[in-house]
Amino acid sequence: MLVAANLRPPVVSVAPLVDDIMTDIGFSSAAAGLLTTLPVLFFGLSAPFAPRIGARFGIERTIFGSLIVLIAGMCLRYLPNTVTLLVGSAVIGAAIGVCNVVLPALIKRDFAHRSGLMTGLYSMTLSGGAAIAAALTIPIDERVDGNWRLTLTSWSLLAVVALVVWVPQLSRVHRVVVDHAPVSLWRNRIAWSVTVFMGAQSLIFYTFSAWLPQYLLDHGRTDGQAGAILAIGQVVALLSSLLIPIVAGRFADQRLITLSVVGVCAVGFIGLLATDQVVTLWVMLIMFGPGASISLALLFMVLRSPSTAVTGQVSGMAQSVGYAVAAFGPILIGALHDVTGSWNVAMAVLGLALLPQGLAALLAAKNVTMRV
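Predicted model only: the values in this text are computed from it and were never measured.

Asks: Where do I start with the overall build of the chain in this structure?
Replies: Within the chain, the secondary structure is distributed over 17 helices and zero strands. In terms of overall size, the chain behaves like a compact globule, its C-alpha atoms giving a radius of gyration of 19 Å where 372 residues would be expected to give roughly 21 Å. With respect to the principal axes defined by its C-alpha atoms, the chain has extents near 55 × 40 × 30 Å. Of all 372 residues assigned to the chain, the portion counted as buried reaches 57%. The contacts in the chain between residues at least 6 apart in sequence include a share of 84% that link residues at least 24 apart. By element, 68% of the accessible surface of the chain is carried by carbon and sulfur atoms, the whole surface being about 14,300 Å². Side-chain charges of the chain comprise 20 positive and 14 negative groups, with the mean position of each set lying 22 Å from the other.

Structural data, given as structure tokens:
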């Protein structure tokens, strides 16, 4: 859980500062979206390698090494150079991408008998890290006199804590056994449904989190108000990521609860686009969707796979393809805003991702097990 707390702040903390970054560096909306896109893209690019790395070095050492790389990436962003800012963002994404894959395999290995609870606690901590980052980034920035590079780098302190606490785990080396015989998950309908579900929720979460502060600023909110509303949304995502998988794990079939989650998110988008009133409520409903959905996606990886090895493989597939798709969300939505001059149009297009997510849930949430 402490490791999980580090897997979102380096990415989410960019959003509240994006206006300052754009002004300082001279980025357009599309270019600024690259700062959020690069980590998510490298989530996907590193994911296929994670099961092999875990098998080679063991989950414990893999996580330890990933934390070191994560800290290095955050330090790179401190250097006063646009190239190191982008390279650091990519390195951060690669480190997080490996942890994204191996941690669900660890849950399958050590907590298969309580997968719903442990998936909920894990994903709650993911959302909790994002909520803390959204709430504290602006106050931290104010304390360091608006030095946004130092603000982004300050989150490396949390990773250092996790690194130190993780050291005793290095005495345990549990390797994930990877079946070297070809396993055609790429032709498996269940694996693809989990992948599409994962990709759609990731697209919504990262793109909405990236551009919500700018959306709110353009609608008359202050930096502090925008950060507070984003933080409230992240808290709702945190709570839904804990509660929904615990409830869903009690049922053999999770289709009803999963489609309900997608429906709540859709209501939030409709409300946000229809009126400027009670914006916080609409943000809460929207963030409820991906908050619960990340937990459900992780739960599907565990419940739909027959073994720890397959869990790691479907996790790698779902996160590789899913995050690669999600990575282009901030850039495309930012570019759409640049072209149309309207955040409403951009957000409406983003909301359309709920359609493939709902369709994928019909199989991903069904009580079936992959045959490999």
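Asks: In this structure, what is going on with unusual backbone geometry? I would like to understand it.
Replies: A negative phi holds for most residues other than glycine; trans holds for most peptide bonds. Of note, the phi angle at aspartate 145 is positive, near 60 degrees, even though the residue is not glycine. Relative to the elements of secondary structure, aspartate 145 occurs in the loop between α7 (115-143) and α8 (148-153). Classification of aspartate 145 by relative accessible area gives exposed; the value is 74%.

Asks: So what exactly am I meant to see when it comes to the pattern of salt bridges here?
Replies: Where charged atoms of side chains with opposite charge meet at close range, the side chains can pair. The final tally for this structure, using the stated rule, is one salt bridge. Residue arginine 255 pairs with aspartate 253 through a salt bridge whose shortest N-O separation is 2.8 Å. Look at arginine 255 and you get partly exposed, because its relative accessible area is 32%. Residue class for aspartate 253 comes out partly exposed when judged on its relative accessible area of 28%.

Asks: Help me out: how do you make sense of the nonpolar core in this one?
Replies: The tendency in soluble globular proteins is for nonpolar side chains to be buried as a group. Residues Ile63, Leu70, Tyr122, Phe208, Phe269 and Leu350 are the most contacted members of the largest nonpolar core, which totals 111 residues. A total of 15 residues in this core trace back to one element, the largest contributor, which is helix α10 (residues 189-218). If we ignore the near neighbours within four places in the chain, the residues touching tyrosine 122 are Ala4, Leu7, Cys99, Asn100, Leu103, Pro104, Ile107 and Leu298.

The rules we used
- Residues numbered from 1 in each chain as written.
- Predicted model: local features only at pLDDT ≥ 70, side-chain atom pairs only at ≥ 80, totals over all residues.
- Heavy atoms only, no water.
- Helix = DSSP H or I, 4+ residues; strand = E, 2+ residues; numbered from the N terminus.
- Rg over C-alpha atoms; globule rule 2.2 N^0.38 Å.
- Buried < 20%, exposed > 50% of the residue type's maximum accessible area, 1.4 Å probe, protein only.
- Contact = heavy atoms within 4.5 Å.
- Areas by Shrake-Rupley, 256 points an atom, 1.4 Å probe, with all protein chains shown as cover.
- Lys, Arg positive; Asp, Glu negative; His and termini not counted.
- Charge placed at Lys NZ, Arg CZ, Asp CG, Glu CD.
- Salt bridge = Lys/Arg side-chain N within 4 Å of Asp/Glu carboxyl O.
- Core = buried A, V, L, I, M, F, W, Y, C linked by side-chain atoms within 4.5 Å.

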